Amino acid sequence: MEQLINILIVDDDPKNLTVLETVLNDSGYRLVRAGSGEQALLALVSEEFALIILDIRMPGMTGFELAQMIRERKKTARVPIIFLTAYYNEDQHVIEGYGSGAVDYLHKPVNPAVLRSKVAVFAELHRAQRELGAANAALLAEVAERRRVGEELRDLNEHLEQRVIERAAALRRSEDIYRAIGESIDYGVWTCDAAGRNTYASESFLRLVGITQEQCSNFGWGDVLHPDEATATIAAWQECVRTGAKWEREHRFRGVDGQWHSVLARGVPVKDERGQIVSWSGINLDIAALKRTEAALRAANASKDRFLAVLSHELRTPLTPVLMTAGMLEHDASLLPDVREAMTMIKESIELETKLIDDLLDVSRITSGKVALQSEPVDLNPAVRQAWGICQPQARERGVAVELVLCEGEVVVRADPARLQQVLWNVLKNAIKFSAAQGTVYVSTTRLAADRVEVRVRDQGIGIAPELLPRVFDAFEQGDPAITRQFGGLGLGLAISKALVELHGGAIRAESAGRGHGATFVIEFPLAAGAAGAAGATASAAPGRAAPEPG
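Given the structure is predicted, the values throughout are model-derived calculations rather than measurements.

Cut-offs applied
Residues numbered from 1 in each chain as written. Predicted model: local features only at pLDDT ≥ 70, side-chain atom pairs only at ≥ 80, totals over all residues. Heavy atoms only, no water. Helix = DSSP H or I, 4+ residues; strand = E, 2+ residues; numbered from the N terminus. Buried < 20%, exposed > 50% of the residue type's maximum accessible area, 1.4 Å probe, protein only. Areas by Shrake-Rupley, 256 points an atom, 1.4 Å probe, with all protein chains shown as cover. Core = buried A, V, L, I, M, F, W, Y, C linked by side-chain atoms within 4.5 Å. Contact = heavy atoms within 4.5 Å. Polar contact = N/O pair within 3.5 Å; in protein donor to acceptor, adjacent residues only side chain to side chain. pLDDT = per-residue confidence, 0-100. Pairing = 2+ DSSP bridges. Axes fitted to C-alpha atoms, helices over the stretch in contact; angles between N-to-C directions. Phe/Tyr/Trp six-rings, centres within 6.5 Å; stacked < 30°, edge-to-face > 60°. Patch = residues over 30% accessible without salt bridge, like charges linked within 9 Å, V, L, I, M, F, W, Y side chains within 5 Å. Salt bridge = Lys/Arg side-chain N within 4 Å of Asp/Glu carboxyl O. Parallel < 35°, antiparallel > 145°, perpendicular 65-115°, else oblique. Left-handed = near helix turned anticlockwise from the far one by under 90°. Nonpolar A, V, L, I, M, F, W, Y, C, P; charged D, E, K, R; others polar. Expected span 1.5 Å × (residues − 1).

1. Notes on the overall build of the protein chain
Scanning the protein chain from N- to C-terminus turns up 14 helices and 18 strands. Classification of the 551 residues of the protein chain by burial places 39% in the buried group. Per element, the accessible surface of the protein chain, about 31,200 Å² overall, is 56% carbon and sulfur.

2. Remarks on the nonpolar core
Among the nonpolar cores identified, the biggest contains 47 residues, and Val402, Leu420, Leu428, Val441, Phe521 and Ile523 are the most heavily contacted of them. Per element, the largest residue contribution to this core is 8 residues, and it comes from helix H12 (residues 417-433). When residues no more than four places from it in sequence are discounted, the contact partners of Val441 are Val400, Ala401, Val402, Glu403, Leu428, Ala431, Ile432, Ser435, Val457, Arg458 and Asp459. Counting residues in each nonpolar core, the second largest holds 23 residues, with Leu8, Ala34, Leu41 and Leu54 among its members.

3. Let's talk about the side chain of Ser497
Structurally, Ser497 is set in helix H14 (residues 493-503). Only 3.4 Å separates the side chain of Ser497 from the side chain of Asn426, close enough to count as a polar contact. Residues in contact with Ser497, not counting those within four places in the same chain, are Val423, Asn426 and Val427.

4. What to know about the confidence of the model for the protein chain
When pLDDT is averaged along the protein chain, the result is 80; 79% of the residues meet or exceed 70. Note that pLDDT drops below 50 for residues 532-551; the model gives that stretch 46 contacts with residues more than four away or on any other chain.

5. Focus on the sheet that holds strand E3 (residues 51-55)
Pairing within the open sheet is parallel, and its 5 strands lie in the order E2-E1-E3-E4-E5. A strand with exactly one partner marks an edge of an open sheet, and here the two such strands are strand E2 (29-34) and strand E5 (104-107). Ignoring strand direction, the axes of neighbouring strands in this sheet form an average angle of 20 degrees. Both strand E4 (residues 81-85) and E5 contribute to a ladder of 4 bridges, which runs parallel. Along E5, the bridge assignment pairs Ile82 with Asp104. Relative to the sheet, helix H1 (residues 14-23) contacts strand E1 (5-10), E2, E3 and E4, its axis offset from that of E2 by approximately 175 degrees. Docked against the sheet, helix H2 (residues 37-46) engages E1, E2 and E3, running at close to 165 degrees with respect to E1.

6. A closer look at the packing of aromatic side chains
In total, this model carries 6 aromatic pairs according to the counting rule given. Considering the side-chain rings of Trp237 and Trp247, the 5.4 Å spacing of their centres and the 75 degrees angle between planes classify their relative orientation as edge-to-face. In this pair, Trp237 sits in helix H7 (residues 230-243) while Trp247 sits in strand E8 (residues 247-254), placing the two residues 10 residues apart along the sequence. Using a relative accessible area of 15% as the deciding quantity, one classes Trp237 as buried. On the accessibility criterion, Trp247 (7% relative accessible area) is buried. On the basis of an interplanar angle of 90 degrees and a centroid distance of 6.0 Å, the ring pair of Phe473 and Phe521 is categorised as edge-to-face.

7. Focus: a nonpolar patch on the surface
A cluster of nonpolar side chains, namely Val149, Leu153 and Leu156, defines an oily patch on the protein surface of about 240 Å² accessible area. Locating Val149 in the fold gives a position in helix H5 (residues 112-184).

8. Notes on the sheet that holds E8
In space, the 5 strands of this open sheet follow the order E7-E6-E10-E9-E8, with antiparallel pairing throughout. Bordering the open sheet on either side are strand E7 (198-201) and E8, each of which pairs with just one other strand. Direction aside, neighbouring strands of the sheet carry axes that sit 25 degrees apart on average. Inspection of the sheet shows E8 paired to strand E9 (residues 260-271) by 8 bridges, in the antiparallel sense.

9. Re the packing of H2 against helix H3 (residues 63-72)
As a packed pair, H2 and H3 sit with axes 10 Å apart at the nearest point and diverge in direction by 20 degrees. Comparing their axes, H3 and H2 come out roughly parallel. By crossing handedness, the relation of H2 to H3 is classed as right-handed. Residues Gly37, Ala40, Leu41 and Leu44 of H2 touch H3, and the partners they reach there are Leu66, Met69 and Ile70. In terms of residue class, the contact of H2 with H3 is built from 6 nonpolar, 1 polar and no charged.

10. So, unusual backbone geometry
A positive phi angle, close to 70 degrees, is found at Gln438, a residue other than glycine. You can see Gln438 is positioned in the loop between H12 and strand E14 (440-449). Overall, Gln438 belongs to the exposed group, its relative accessible area being 64%.

11. A few points about the side chain of Arg127
Relative to the elements of secondary structure, Arg127 occurs in helix H5. If we skip the residues at most four places from it in the chain, Arg127 touches Glu2 and Ile5.

12. Comments concerning the environment of Val457
Among the secondary structure elements, Val457 is positioned in strand E15 (residues 452-458). You can call Val457 buried: its relative accessible area is 4%. Considering only alpha carbons, one finds Val457 and Thr520, 63 residues apart in sequence, at a separation of 5.5 Å. Filtering out sequence-adjacent residues up to four positions away, Val457 remains in contact with Val427, Leu428, Ala431, Val441, Tyr442, Val443, Ala519, Thr520 and Phe521.

13. Observations concerning H12
In this model, H12 (17 residues) spans 24 Å end to end at C-alpha, consistent with the 24 Å of a helix rising 1.5 Å per residue. Burial within H12 is extensive, with 14 of its 17 residues counted as buried. Measuring from the side-chain oxygen of the N-cap residue of H12 to the backbone nitrogen of Ala418 gives 3.1 Å; that N-cap residue is Asp416.

14. Quick word on the pattern of salt bridges
A complete count under the given rule lists 17 salt bridges for this structure. Its salt-bridge partner being Arg30, residue Glu47 comes within 2.5 Å of it at the nearest N-O pair. With Glu47 in the loop between H2 and E3 and Arg30 in strand E2, the pair connects residues that are 17 residues apart, well separated along the chain. Take Glu47: its relative accessible area is 25%, and that puts it in the partly exposed class. Its relative accessible area of 34% is what places Arg30 among the partly exposed residues. Here Lys498 and Glu502 are joined by a salt bridge, their closest N and O atoms 2.7 Å apart. Note that Lys498 and Glu502 are positioned in helix H14 at a spacing of 4 residues, about one turn of the helix. In this structure Lys498 comes out as partly exposed when scored by relative accessible area, which is 27%. On the basis of relative accessible area, Glu502 is assigned to the partly exposed category, the value being 44%. Salt bridges linked by common partners bring Arg452, Glu454, Arg456, Arg509, Glu511 and Glu524 together as one network.

See the structure below:
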């Protein structure tokens, strides 16, 4: 919006001021009234005016006196003044008016058209001066900005050469470091363009395949890849280039020595700010030694499994007749009671020894993948009751009660009955073994959903420390020896149970709040297809003990 032109009209007669406002009525003007010389001075102090229309004859301070004061002030010295008078018409008055700084001298009554024309000239002059001032200010600002930019450019030019030198040196150092790292990594580093064409390879790799750096970009890598792996490796690399996925693959290169060298190649795409791939960078790791170690370990394991199998078989063979003889003598009434008691101890010791040997055999079969399941539909509830029955003598001997809370109806799973019984017996026997005297072991079955069932065995025994909980299913893991030594065993029962459960498509886990807080073992099995059974629970328990599990 255009700024208004301020015009000061000064007259002691309000009617004259009204007449001037009527004559000079214009949307581009802002007329400010003053009824005396004093009011006019106050207005000139607070605002800027393009023109003053001043009556000469006023009480107190005449127009001539006011004009003289205006000319003496630096801020208002150049403001144009038009005198109006109805009395001072002599030539000496006109001369005095022009002498006091007026630009015009008009007699009343004033011709409106003449006054408007004269005011318009001075208003336009003021507007032009204002625009010129703004243009000058903008020009000065632009000159100052150009001067500032010029100074900055001079500073940049002064430092540019040094910065270029420093940057070039830094790039050379980075390249040297990059190459040194590449040479320290077995078969070094490599780069490709966005299309997957080689642009650089470390000297160590170039020496391996017998080419130069110049030949790298045109080299046919398929020619040195192992024939059994070349097609699949090239196809996998092309897929990575297409999708931008990370590259990682093991393959073999034929070196200039004619030998096949195992390499683990890894690479990542380098992208610009728009996410577009501009190149690839990667490394080649020599894994020949690792492959030899893995092969040796597979052979430190095969020998171990064969040794365990032979050892277990050879140990079990002579125990069988001893066990049978001890069992017969245990019930021979002709023997003295002390002798029969000794036979009982011998028989129990041999049975324990036989169980340990059987566990070793199972571990050997499991690790070698020789366990074959004879699966059939099995109702889980009777299987749990059977395991409970087998463990009753051990529970009574330790003064431990076993309480059951089982699902209603059939809970049918597909399982090898003997192996299922082995799992349930192992877990339940373990809970009884680690329970305190007069404690209780709670066993329950629960339908989790339409396709799974859970067996939960909870004891009030010694518990499992948090740091041991992740290893409780590891073979030969027995926890804290100071605590578990008194219970005997090789630490194989839970490892075997876990392997057998997983062979059945299930899962097993252990839970414990820590030492002294008991433990819970949870076994999940998939229900057999089409298995029926109602949700809910019914209880059966050891005689004389309450069935429900406490909350």
